[in-house]
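Notes for the structure review
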Amino acid sequence: MSDVFYYFYRDLLKWLRGKIFVVTALVMPAAWLIFVGLALPTRFTNNYLEFITPGILVMTMLFSSLQGGSLLIFDKILGFLSKFMALPARRESILFGKISFITFRGILQSMVILGLAVVFGVSLPGPIGFIYMLVVLVMFGVLFSSLASAIALVVDDHDGYAAVNSMISMPLYFASSALMPYSSMPEWLRVIASINPVSFAIDTIRAVFSGQIIYTQLIVISAMAVVVLLISIYMFRKATI
């Protein structure tokens, strides 16, 4: 566990030193929250900001998690990964440290966005609901940070990873229940959104904001996270033999 913490701490220090990256990571979600949540006219709700806030929180986690794969890309390119392999620590601790940091960073960014939403009038769930929302975001972050790490092990350069990242993140987000309810979607989009893990997280958090706790979708997200994490571990072991 201590080995995982040291790798986690290394990436955390690196992130905090690049202050511009800390700020820019919050710009897009904040812009969505303000310009879309406050300005977009809708017919299906009287408070679109409250409707879209869960989607923005999940979007923040999604984009932060998928962008996290670039950390492993840079370590590969700059030769740090091969140097870490020579250390006595377990090799998997490198991967676990990355996934832990990426998830932690996404949670921090999501909480900043949530605080901004509260400033604009969105009501927070109760203490139990808030904790449950964090659990959903953490499991969602583990799912996609594990996926990002697995992709980074296959892709050899940053530009290629950025292209794969965009190809995955944007369709996942827009083909979800983030921007509109299922009843307002065309049939083909409703089918895709209903099986989209991004929708699972959004629907669960949206239910929390309305005072409900739904366990089914969290169980599905957690199961997917475990499977993808195991695949990522297998690929990491294979890539570092």
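The rules behind the values
Residues numbered from 1 in each chain as written. Predicted model: local features only at pLDDT ≥ 70, side-chain atom pairs only at ≥ 80, totals over all residues. Heavy atoms only, no water. Helix = DSSP H or I, 4+ residues; strand = E, 2+ residues; numbered from the N terminus. Buried < 20%, exposed > 50% of the residue type's maximum accessible area, 1.4 Å probe, protein only. Contact = heavy atoms within 4.5 Å. 1 Å grid on protein atoms, 1.4 Å probe; cavity = no way out; pocket = protein on both sides within 12 Å on 5 of 7 lines; lining within 4 Å. Points joined across faces, edges and corners; volume = space filled by probe spheres on them. Nonpolar A, V, L, I, M, F, W, Y, C, P; charged D, E, K, R; others polar. Core = buried A, V, L, I, M, F, W, Y, C linked by side-chain atoms within 4.5 Å. Patch = residues over 30% accessible without salt bridge, like charges linked within 9 Å, V, L, I, M, F, W, Y side chains within 5 Å. Areas by Shrake-Rupley, 256 points an atom, 1.4 Å probe, with all protein chains shown as cover. Salt bridge = Lys/Arg side-chain N within 4 Å of Asp/Glu carboxyl O. Expected span 1.5 Å × (residues − 1). Phe/Tyr/Trp six-rings, centres within 6.5 Å; stacked < 30°, edge-to-face > 60°. Lys NZ or Arg CZ within 6 Å of the ring centre and 35° of its normal. Axes fitted to C-alpha atoms, helices over the stretch in contact; angles between N-to-C directions. Parallel < 35°, antiparallel > 145°, perpendicular 65-115°, else oblique.

A word on the environment of Phe101. One can find Phe101 in helix α6 (residues 92-119). Taking the relative accessible area as the measure of exposure, Phe101 reaches 1% and is therefore buried. Not counting residues up to four positions away in its chain, the partners in contact with Phe101 are Phe8, Asp11, Leu12, Trp15 and Leu71.

Turning our eyes to something else, we now look at the layout of surface pockets. One number sums up the size of the largest pocket: a volume of about 640 Å³. Contributing to the lining of the largest pocket are 24 residues, with Trp15, Phe21, Gln67, Ser70 and Arg105 lying nearest its centre. At the level of secondary structure, the elements contributing two or more residues to the lining of the largest pocket comprise α1 (2-17), α2 (19-36), α3 (48-67), α4 (69-78), α6 and α8 (158-174). Grouping the amino acids of the lining of the largest pocket by side-chain chemistry returns 11 nonpolar, 10 polar and three charged.

With 60 residues, the main nonpolar core has Ile56, Val58, Leu62, Met133, Phe140, Phe144 and Val198 as its most contacted residues. Every residue in contact with Leu62, bar those within four places of it in the chain, is listed here: Phe140, Phe144, Ser169, Leu172, Tyr173 and Val198. Formed by six residues, the second largest nonpolar core is a distinct cluster that contains Trp15, Leu71, Phe101 and Ile102.

With that settled, the discussion passes to a nonpolar patch on the surface. Judged by side-chain polarity, Phe74, Ile77, Leu78 and Phe80 come together as a nonpolar surface patch covering roughly 360 Å² of accessible area. A total of three residues in the nonpolar patch trace back to one element, the largest contributor, which is α4. Checked against the element boundaries, Phe80 lands in helix α5 (residues 80-85).

Its 24 residues place the ends of helix α11 (residues 216-239) 35 Å apart at the C-alpha level, agreeing with the 34 Å of an ideal helix rising 1.5 Å per residue. Contacts made by the buried residues of α11 are with α5, α6, α7 (127-154) and α10 (197-209).

Turning our attention to the pattern of salt bridges. Applying the stated rule across the entire model yields four salt bridges. Residue Arg237 pairs with Glu92 through a salt bridge whose shortest N-O separation is 2.6 Å. Placement of the pair is Arg237 in helix α11 and Glu92 in helix α6, with a sequence separation of 145 residues. One network of salt bridges, in which partners are shared, links Arg10, Asp11 and Lys98.

Attention shifts here to the packing of aromatic side chains. One pass over the full model with this rule turns up 11 aromatic pairs. Geometrically, the ring pair formed by Trp15 and Phe101 is edge-to-face, given 6.1 Å between the ring centres and 70° between the ring planes. In this pair, Trp15 sits in helix α1 while Phe101 sits in helix α6, placing the two residues 86 residues apart along the sequence. It is Arg206 that lies over the ring of Phe51; its NZ or CZ is 3.8 Å from the centre.

What follows concerns α6. Between the first and last C-alpha of α6 there are 41 Å, a value that for 28 residues agrees with the 40 Å anticipated at 1.5 Å per step. Positioned one or two residues after α6, Gly121 has a phi angle of 110°, which is positive.

Two numbers describe how α7 lies on α10: the axes approach to 9 Å, and their chain directions differ by 170°. Relative to α10, α7 is oriented roughly antiparallel. For the pair formed by α7 and α10, the contact residues are Gly129, Tyr132, Met133, Val136, Leu137, Phe140, Leu143 and Phe144 on the first element and Pro197, Val198, Ala201, Thr204, Ile205, Val208 and Phe209 on the second. Within the contact of α7 with α10, the residues separate by chemical class into 13 nonpolar, two polar and no charged.

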